[in-house]
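Tertiary structure, described
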Amino acid sequence: MASGAVLWFGEEMSAVPLRNNKAAASAVRSVTVLGATGSIGDSTMDLLRGARDRYRVEALTANSNVQALAGLAREFGARFAAIADPARLSELKDALAGTRIECGAGESAIIEAAARPADWVMAAVSGAAGLKPALAAVDRGATVALANKECLVCAGDFFMERAARAGACILPADSEHNALFQALSSGNREELERVIITASGGPFRTWAPADIEQATLEQALKHPNWSMGQKITIDSASMMNKGLEVIEASYLFALSPDEIDVLVHPQSIVHGMVEFSDRSVVAQLGTPDMRIPIAHCLGWPDRIVGPSVKLDLAKIGQLTFEAPDYGRFPGLRLAYEALRTGNGATTVFNAANEIAVAAFIAGKIRFGAIARLVEATIDDWLRSGNLAPLDSADEAISVDHNARNRAAALLPQIALKAT
Ligand code: NAD
Ligand code: MG
């Protein structure tokens, strides 16, 4: 097994390194950022900007923003830049004229970027579109900082098994999972009682059901604490994000649904906690700034100096907690159900949610219909008797594809249905 892939709580098939695995970090690490122009990409580039002597950029990718991608590639002297939109290759070539930066376009170019030999890869594409590129990095045994939770939820156990087989090392970049990653090393698997991931509750935490149902895009995009990309911000408002994160925690750390709890914590200071058998609860705290968990992944196995503001608890004064409301936020219930069902149900959950969020952004459905479309798609999929374990990326992608079609087919009737 490569140095990155260590035993997780004594289980052999695991790719999340936890204990006693301080591999020596080389002086200059090569890094690739998939989704460099997004919110996580921006935070990652900011950290790299502050440590130019320690990191060399191998490849950067983006979906369609050629100018932003070319600007970053020039600034960091990247060796390769890839744009997902195949129609923009000549624009990218023009934007990189006079440099020695190689470039490519289309999905294959994004995969090529991930496959190039960088020590560390940030997987920060949004949605299941990030699955194939993340797997390309995993397959060559890279250290992968995983922000792209949808690709893990889509591919399930299979993703982690493939990472373990390749000797890849998966570092959780999502703030809650990074918190668990840091806290879990305080004990053993046998000593673990449960993990708790916190949720801000989003902008509709205190809203009445009828108001949540009618919430506008503008209201859904006003997250109280975090500044993030559009899809995850809407997922936070519906608490689908927390549902995705429960599933993410289960796959990342090989935990059963009963071992994962969610706690609403409006201040977003405590990100995750681990309870052990002696009733010790170990938590990770920090200001709501994604550069903190990303810095942890970037420095790992060491810690680097981060640019985020220091946590000032005296100034914050109060940290409050409340139980999640599964009635007003059915997405969380649906996520637990999908996780318990297994066999591709989480793939369907994610695919239907991606279709629902896109439909909400396009003004085709009400906010409240997001969860209804996800539930209807899962029910439809279960009725058709398609329960089978996912054994390959192709199977995950095929279930994802079929579920998107089913969700799109169900969309008109969900859009019409009054609550
Ligand atoms: P974003 O929308 O701001 O950025 C997404 C990036 O992926 C952009 O660079 C975009 O160009 C690229 N991209 C989008 N679609 C693509 C496609 N089809 N092919 C190739 N590239 C594509 O999103 P974000 O907020 O940075 O989130 C990225 C991922 O990280 C998501 O999975 C999200 O759930 C997760 N995450 C984000 C945050 C956060 O604070 N933003 C926190 C935790 C986890
Ligand atoms: Mg999170």
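These lines cover the structure that appears in this document, whether it is placed above or below. Nothing here was measured: the structure is a model prediction, and the numbers come from that model.

1. Section: the pattern of salt bridges
This model, assessed by the stated rule, comprises 35 salt bridges. The salt bridge involving Glu275 is made with Arg194; its shortest N-O contact spans 2.9 Å. In this pair, Glu275 is assigned in strand 10 (residues 270–276) and Arg194 in strand 8 (residues 192–199), connecting sequence segments 81 residues apart. Under the relative-accessibility criterion, Glu275 is labelled buried at 9%. Relative accessible area serves as the criterion here: at 26%, Arg194 is assigned to the partly exposed category. Taking the shortest distance from any N to any O, the salt bridge between Arg340 and Asp258 comes out at 2.6 Å. With a gap of 82 residues between them, Arg340 in helix 15 (residues 330–341) and Asp258 in the loop between helix 12 (240–253) and strand 9 (260–264) connect regions that are remote in the sequence.

2. Let's talk about empty space enclosed by the protein
Scanning the model with the defined rule gives one cavity of 30 Å³ or more in all. Taken as a whole, the largest cavity holds about 40 Å³ of empty space. Elements with a minimum of two residues in the lining of the largest cavity: helix 8 (175–184) and helix 13 (291–299). Among the residues making up the lining of the largest cavity, the classes are represented as three nonpolar, six polar and one charged.

3. Considering the nonpolar core
Within the largest apolar cluster, 138 residues are counted, with the highest numbers of intra-cluster contacts made by Leu60, Met122, Phe159, Ile170, Phe349 and Phe367. At 10 residues, the largest contribution of residues to this core is made by helix 16 (residues 345–361). Taken domain by domain, the makeup of this core includes at least three residues from each of domain 1 (29–173) and domain 2 (330–417). Apart from the residues lying within four places of it in its own chain, the contact partners of Phe349 are Met240, Gly243, Leu244, Ile247, Gly331, Leu334, Ala335, Ala338, Val374 and Ile378.

4. Comments concerning the layout of surface pockets
By volume, the second largest pocket is sized at about 330 Å³. In terms of lining, the second largest pocket is formed by 18 residues, of which the most central are Ile292, Ala295, Arg303, Ile304 and Gly306. Among the secondary structure elements, those contributing two or more residues to the lining of the second largest pocket are helix 8, strand 11 (281–285) and helix 13. With four residues, helix 13 is the largest single contributor of residues to the lining of the second largest pocket. Tallied by class, residues from the lining of the second largest pocket come to seven nonpolar, eight polar and three charged.

5. Quick look at the sheet that holds strand 9
Reading across from one edge, 9-8-10-11 is the order of the four strands in this open sheet, with mixed pairing throughout. Single-partner strands in this sheet number two, and they are strand 9 and strand 11. The mean inter-strand angle of the sheet, taken between neighbouring strand axes irrespective of direction, is 20°.

6. Quick look at the site of ligand 1
Every one of the 22 residues lining ligand 1 counts as a neighbour, but Thr37, Ile40, Asn63, Glu150 and Gly229 are closest to it. Measuring from an oxygen atom of ligand 1, one finds a backbone N or O atom of Gly38 at 3.1 Å. Burial of ligand 1 by the protein amounts to 85% of the accessible area it has alone, namely 830 Å². Taken together, the residues that form the shell around ligand 1 break down as 11 nonpolar, eight polar and three charged.

7. A few points about the environment of Val28
Within the element layout of this structure, Val28 appears in the segment before strand 1 (29–34). Residue Val28 is classed as partly exposed on the basis of its relative accessible area of 46%. Considering only alpha carbons, one finds Val28 and Arg52, 24 residues apart in sequence, at a separation of 9.3 Å.

Criteria and cut-off values
Residues numbered from 1 in each chain as written. Chains lettered and ligands numbered in written order. Predicted model: local features only at pLDDT ≥ 70, side-chain atom pairs only at ≥ 80, totals over all residues. Heavy atoms only, no water. Salt bridge = Lys/Arg side-chain N within 4 Å of Asp/Glu carboxyl O. Helix = DSSP H or I, 4+ residues; strand = E, 2+ residues; numbered from the N terminus. Buried < 20%, exposed > 50% of the residue type's maximum accessible area, 1.4 Å probe, protein only. 1 Å grid on protein atoms, 1.4 Å probe; cavity = no way out; pocket = protein on both sides within 12 Å on 5 of 7 lines; lining within 4 Å. Points joined across faces, edges and corners; volume = space filled by probe spheres on them. Nonpolar A, V, L, I, M, F, W, Y, C, P; charged D, E, K, R; others polar. Core = buried A, V, L, I, M, F, W, Y, C linked by side-chain atoms within 4.5 Å. Domains from an automatic or database assignment. Contact = heavy atoms within 4.5 Å. Pairing = 2+ DSSP bridges. Axes fitted to C-alpha atoms, helices over the stretch in contact; angles between N-to-C directions. Near = heavy atom within 4 Å. Polar contact = N/O pair within 3.5 Å; in protein donor to acceptor, adjacent residues only side chain to side chain. Areas by Shrake-Rupley, 256 points an atom, 1.4 Å probe, with all protein chains shown as cover.

Fair warning: the whole summary comes from geometry, so function is off the table for now.
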